[in-house]
Amino acid sequence: MDKMWQETIDWCPTEQQQSQLQSLYSEVVSANRQLNLTRITAPEEFWEKHLWDSLRGVGELINNPLELKVIDLGTGAGFPGLPLAIARTDWQMTLVDSTAKKVGFIEYIAPELGLTNTHPLVSRIEALGQERQHRHQYDLALIRAVSSANVCAEYTLPLVKVGGTAILYRGNWTDEEATSLELAVAKLGGEISKIDRFTTPISDSIRHCIWLHKTTDTHPYYPRAVGIPTLKPL
Ligand code: SAH
């Protein structure tokens, strides 16, 4: 896959990263029988939808020398956070999920892969957004396949520093969603800074990564209490 990595994201794994990505694949597949982590287990599909998609989502940041403090919200079995922690060992990666068994998998796999830059956490995202040690602390917040865009904005932006970025990994994207997201983001101290549209290199599936720029501190009112963001989306 070296050529494919190079041509599509201008990045190429070292031999060590290659073997870490390979181990991540085998560990997810073997833990899957008990933990029900993902429905994507065929090698090519796993490469495209889990590994490639995770890395492509951050765009040019993958090759940017800046060391970032990153949080992946609703990470599940560790996507997009784990492939990024492998690709960028200089980034500190907090991986959050409310399901203890999924976070347990990450706690087990990170040392197996030799990673020392991962910080797994069992928590509800809404609760974390109100905790002093997490609120307004991150350069980059990532969220994939967790909820609607407006809910994802309320989940991510309170955790991001002013000047930082949230990236919402989406599939299809409509003008209606963009209009609605713009209003939500304004309430949260941010603005939409980029809509990155691309297709995946094997199955040609559509993806949109929505970049939110944090312009001012989020009002203490957000994120609202656990469950409210999904019940009454902004
Ligand atoms: N990001 C992963 C997993 C997506 S599944 C991927 O793309 O493969 C969505 C995950 O979000 C689930 O593991 C679920 O437990 C978690 N989740 C959903 N709402 C959450 C919340 N409010 N707080 C914490 N985790 C949440």
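Residues numbered from 1 in each chain as written. Predicted model: local features only at pLDDT ≥ 70, side-chain atom pairs only at ≥ 80, totals over all residues. Heavy atoms only, no water.

**Topic: the pairing of strand 1 (residues 69-73)**
Here is step 1: Counting buried positions over the 5 residues of strand 1 gives 4, a clear majority of the element.
Here is step 2: Assessed by its sense of winding, the connection that carries the chain from strand 1 through helix 4 (residues 81-87) to strand 2 (residues 92-97) is right-handed. (Buried < 20%, exposed > 50% of the residue type's maximum accessible area, 1.4 Å probe, protein only. Helix = DSSP H or I, 4+ residues; strand = E, 2+ residues; numbered from the N terminus. Right-handed = clockwise from strand over helix to strand, strands pointing away.)

**A word on the sheet that holds strand 5 (residues 160-170)**
Here is step 1: Read across the open sheet, the 7 strands follow the order 3-2-1-4-5-7-6; overall the sheet is mixed. Each edge of the sheet is formed by a strand with only one pairing partner; in this case those strands are strand 3 (118-122) and strand 6 (190-199). Adjacent strand axes in the sheet meet at a mean angle of 20 degrees, parallel and antiparallel pairs treated alike.
Here is step 2: Most of the contacts of helix 7 (residues 149-156) go to strand 5, to which it runs at about 150 degrees, and overall it touches strand 1, strand 4 (138-144), strand 5 and strand 7 (206-214).
Here is step 3: Strands strand 5, strand 6 and strand 7 of the sheet are contacted by helix 8 (residues 175-187), whose axis makes an angle of about 145 degrees with strand 6. (Pairing = 2+ DSSP bridges. Axes fitted to C-alpha atoms, helices over the stretch in contact; angles between N-to-C directions. Contact = heavy atoms within 4.5 Å.)

**Some details on the pattern of salt bridges**
Here is step 1: The final tally for this structure, using the stated rule, is 10 salt bridges.
Here is step 2: Of the charged contacts, one joins arginine 207 and aspartate 53 as a salt bridge, the two residues approaching to 2.9 Å between their closest N and O atoms. Placement of arginine 207 in strand 7 and of aspartate 53 in helix 3 (residues 43-56) is noted, with a sequence separation of 154 residues between them.
Here is step 3: In this structure arginine 207 comes out as buried when scored by relative accessible area, which is 15%.
Here is step 4: Across the pair glutamate 154 and arginine 224 runs a salt bridge whose closest N-O atoms are separated by 2.7 Å. Note that glutamate 154 is positioned in helix 7 and arginine 224 in the loop between strand 7 and helix 9 (228-231), a separation of 70 residues in sequence. A single burial state applies to glutamate 154 and to arginine 224, both of which are buried. (Salt bridge = Lys/Arg side-chain N within 4 Å of Asp/Glu carboxyl O.)

**Points about the site of the ligand**
Here is step 1: Neighbouring the ligand are 16 residues; Gly74, Phe79, Asp97, Ile125 and Arg144 lie closest to it.
Here is step 2: One of the backbone nitrogen or oxygen atoms of serine 98 is found 3.2 Å away from a nitrogen atom of the ligand.
Here is step 3: Between a nitrogen atom of the ligand and a main-chain N or O atom of isoleucine 125, the distance comes to 2.9 Å.
Here is step 4: Within the complex, the protein chains bury 80% of what would otherwise be the 570 Å² of accessible surface of the ligand. (Near = heavy atom within 4 Å. Polar contact = N/O pair within 3.5 Å; in protein donor to acceptor, adjacent residues only side chain to side chain. Areas by Shrake-Rupley, 256 points an atom, 1.4 Å probe, with all protein chains shown as cover.)

**Brief notes about the environment of arginine 124**
Here is step 1: Looking at where arginine 124 falls in the secondary structure, it is placed in the loop between strand 3 and helix 6 (125-128).
Here is step 2: Classification of arginine 124 as partly exposed rests on a relative accessible area of 37%.
Here is step 3: When sequence neighbours within four positions are dropped, the list of residues in contact with arginine 124 reads Ser98, Val226 and Gly227.

**A look at unusual backbone geometry**
Here is step 1: A cis geometry characterises the amide bond from phenylalanine 79 onward to proline 80, with omega recorded as 5 degrees.
Here is step 2: Relative to the helices and strands, proline 80 resides in the loop between strand 1 and helix 4.
Here is step 3: Following tyrosine 222, the chain continues into proline 223 via a peptide bond in cis, with omega recorded as -5 degrees.
Here is step 4: Tracing the sequence through the fold places proline 223 in the loop between strand 7 and helix 9.
Here is step 5: The residue histidine 136 is not glycine, and still its phi comes out positive at about 55 degrees.
Here is step 6: Relative to the helices and strands, histidine 136 is located in the loop between helix 6 and strand 4.

**Regarding the packing of aromatic side chains**
Here is step 1: For the structure on display, the rule yields 6 aromatic pairs.
Here is step 2: Considering the side-chain rings of phenylalanine 46 and phenylalanine 79, the 5.8 Å spacing of their centres and the 85 degrees angle between planes classify their relative orientation as edge-to-face. Placement of the pair is phenylalanine 46 in helix 3 and phenylalanine 79 in the loop between strand 1 and helix 4, with a sequence separation of 33 residues. For the residue pair phenylalanine 46 and phenylalanine 79, the accessibility class agrees, reading buried in each case. (Phe/Tyr/Trp six-rings, centres within 6.5 Å; stacked < 30°, edge-to-face > 60°.)

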